[in-house]
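Read off the chains here:
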Amino acid sequence: LTVIQNAVRLASKSTGKDIDIEKIDYNDKAVLDSIGTGKTDGIFQLESGGMTKWLMELKPERMEELIVIISLYRPGPMKSIPVYIENKKHPDSVKYKHPLLKEVLEDTCGCMVYQEQVMEICRKLAGYTYGHADIVRRAMAKKKHDVMLKERESFVLGAVKNNIDEDTANEIFDEMVSFASYAFNKSHAAAYAYLAYQTAYLKYHFRGIYMASLMSSVMGNTEKLTEYINVCRESGIEVVRPDINVSMKDFSYADGKMYFGLLAV
């Protein structure tokens with residue numbers, strides 16, 4: 001948050017325009033394309049080697065896909081990432097155990113990703129109230145498998161009343177139980193994805209300024225600092241050695257040059 005705040009302040013000063021980070025285009029194709037190239041150094045949540053690999057395969061085209069990939073990139077649900085990417089590329093080949101599931105899972109290419117989706121499945125297929133569905137969500141969030149298993153009878157009974165055959169209802173419930181081990185709530189992932197996108201946006205449109213803000217935030221970490229200095233050089237930004245006549249206490253950027261922050265010495 002500090003990196004974003006400082007980058008916005010410096011970019012506003014540099015351009016002479018007030019930049020409101022909350023009002024940027026959150027589906028800027030150029031920014032999303034840049035994420036898909038794998039050059040995600042310094043981008044919140046998206047710079048690890050494993051995440052970069054999946055982003056290069058996914059080639060995100062909208063914010064929703066960043067929310068999904070951040071939700072799935074954890075132990076457990078990670079096995080769903082290749083399925084999600086394959087289904088995104090071939091949406092016509094996605095198969096649903098029941099047509100009602102399509103309404104709930106279409107946005108995530110047929111994969112269960114969020115706790116909210118399980119709540120919707122309980123409501124649409126088994127006729128649960130919002131309150132009853134939330135009991136299931138809480139059981140998942142707290143990894144209470146015993147509570148989930150007790151729900152089987154209630155779920156199957158409700159689904160059968162909704163003209164869904166018993167075997168299909170049990171299969172869907174089995175998927176929900178296995179998914180419960182690592183279910184994530186969408187609101188949490190969305191908040192992370194928006195911050196990730198904001199850093200990607202600033203890096204794409206104000207690269208030097210963003211990198212200066214980022215490097216100032218890791219001045220005590222030589223390894224990270226060295227990594228980001230190399231990222232600057234690779235993108236054509238000259239990193240000027242510490243100079244008492246031009247350097248500020250933090251890293252600063254002007255005219256295509258990154259001036260070394262004296263506090264990093």
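Procedures and definitions
- Residues numbered from 1 in each chain as written.
- Predicted model: local features only at pLDDT ≥ 70, side-chain atom pairs only at ≥ 80, totals over all residues.
- Heavy atoms only, no water.
- Helix = DSSP H or I, 4+ residues; strand = E, 2+ residues; numbered from the N terminus.
- Rg over C-alpha atoms; globule rule 2.2 N^0.38 Å.
- Buried < 20%, exposed > 50% of the residue type's maximum accessible area, 1.4 Å probe, protein only.
- Contact = heavy atoms within 4.5 Å.
- Areas by Shrake-Rupley, 256 points an atom, 1.4 Å probe, with all protein chains shown as cover.
- Lys, Arg positive; Asp, Glu negative; His and termini not counted.
- Charge placed at Lys NZ, Arg CZ, Asp CG, Glu CD.
- Core = buried A, V, L, I, M, F, W, Y, C linked by side-chain atoms within 4.5 Å.
- Axes fitted to C-alpha atoms, helices over the stretch in contact; angles between N-to-C directions.
- Parallel < 35°, antiparallel > 145°, perpendicular 65-115°, else oblique.
- Left-handed = near helix turned anticlockwise from the far one by under 90°.
- Nonpolar A, V, L, I, M, F, W, Y, C, P; charged D, E, K, R; others polar.
- Pairing = 2+ DSSP bridges.
- 1 Å grid on protein atoms, 1.4 Å probe; cavity = no way out; pocket = protein on both sides within 12 Å on 5 of 7 lines; lining within 4 Å.
- Points joined across faces, edges and corners; volume = space filled by probe spheres on them.
- Salt bridge = Lys/Arg side-chain N within 4 Å of Asp/Glu carboxyl O.
- Expected span 1.5 Å × (residues − 1).
- Arc of directions from axis to C-beta.

A. Expanded view of the overall build of the protein chain. Helices and strands together make up the secondary structure of the protein chain, namely 13 helices and 3 strands. Taken against the 2.2 N^0.38 rule, which gives 18 Å for 265 residues, the C-alpha radius of gyration of the protein chain at 23 Å runs more than 25% over that of a compact globule. Across its three principal axes, the protein chain shows a C-alpha extent of roughly 80 × 35 × 35 Å. Counting all 265 residues of the protein chain, 47% fall into the buried class. Considering only contacts within the protein chain whose residues lie at least 6 apart along the sequence, 57% involve residues at least 24 apart. Accessible surface for the protein chain amounts to roughly 14000 Å². Of this, 52% is attributable to carbon and sulfur atoms. With 34 positive and 36 negative side-chain charges, the protein chain shows a separation of 3 Å between the mean positions of the two kinds.

B. Here's a closer look at the nonpolar core. Core analysis: the largest hydrophobic core is formed by 60 residues, its most contacted members being Leu46, Leu66, Tyr197, Met211, Met215, Phe251 and Met258. Secondary structure elements with two or more residues in this core: helix H1 (2-15), helix H2 (29-36), helix H3 (49-58), helix H4 (63-72), helix H5 (81-89), helix H11 (186-205), helix H12 (207-217) and helix H13 (222-234). With 8 residues, the top contributor of residues to this core is H11. Each residue touching tyrosine 197, except ones within four places of it in the same chain, is listed here: Ile24, Asp25, Tyr26, Asn27, Asp28, Val31, Leu32, Met63 and Leu66. Judged by nonpolar contacts, the second largest core, of 29 residues, contains Val118, Met119, Met140 and Phe155.

C. The packing of helix H7 (residues 115-126) against helix H10 (residues 166-179), seen in detail. At their nearest, the axes of H7 and H10 sit 11 Å apart, and the two run at 160° to each other. Taken as axis vectors, H7 and H10 run roughly antiparallel relative to one another. The handedness of the crossing between H7 and H10 is left-handed. Every residue of H10 that contacts H7 at Gln115, Val118, Ile121, Cys122 and Leu125 is listed here: Ile172, Met176 and Phe179. Its residues assigned to classes, the contact of H7 with H10 shows 7 nonpolar, 1 polar and no charged.

D. Geometry of the sheet that holds strand S1 (residues 238-240). The strand order across the open sheet built from 3 strands is S1-S3-S2, with neighbouring strands paired in mixed fashion. Lying at the two open borders of the sheet, with one neighbouring strand each, are S1 and strand S2 (252-254). Averaged over all neighbouring strand pairs, the angle between strand axes comes to 25°, with direction disregarded. Note that S1 and strand S3 (residues 257-259) share 3 bridges and pair parallel. Across the sheet, residue valine 239 finds its bridge partner in S3, namely methionine 258.

E. Main features of the layout of surface pockets. The computed volume of the largest pocket comes to approximately 470 Å³. Lining the largest pocket are 20 residues, with Arg9, Leu10, Asp250, Phe251 and Ser252 sitting closest to its centre. Elements represented by at least two residues in the lining of the largest pocket include exactly H1, H12 and S2. The dominant element in the lining of the largest pocket, judged by the number of residues it contributes, is H1, at 7 residues.

F. Representation of the pattern of salt bridges in the model. Under the defined criterion, the tally for this structure stands at 17 salt bridges. Note that glutamate 103 and lysine 124 form a salt bridge whose closest N and O atoms lie 3.3 Å from each other. Separated by 21 residues along the polypeptide, glutamate 103 in helix H6 (residues 99-105) and lysine 124 in helix H7 bring together distant segments of the chain. On the basis of relative accessibility, which here comes to 53%, the residue glutamate 103 falls in the exposed class. Residue classification places lysine 124 among the partly exposed residues on the basis of a relative accessible area of 31%. The partner of aspartate 174 in a salt bridge is arginine 152, with the nearest N and O atoms 2.6 Å apart. Taken as a pair, aspartate 174 in helix H10 and arginine 152 in helix H9 (residues 145-161) lie far apart in primary sequence, 22 residues in all.

G. Just H13, in detail. For H13, with 13 residues, the first-to-last C-alpha span of 18 Å sits near the 18 Å given by 1.5 Å per residue. All of the buried residues in H13 are Leu225, Tyr228, Ile229, Val231 and Cys232. Within H13, the buried residues cover an arc of 155° as seen down the axis, which keeps them to one side. Exposed residues pointing more than 90 degrees away from the buried face of H13 are listed as Glu223, Arg233 and Glu234. On its buried face, H13 sits against H12, S1 and S3. Just downstream of H13 lies glycine 236, where phi reads positive at about 85°.

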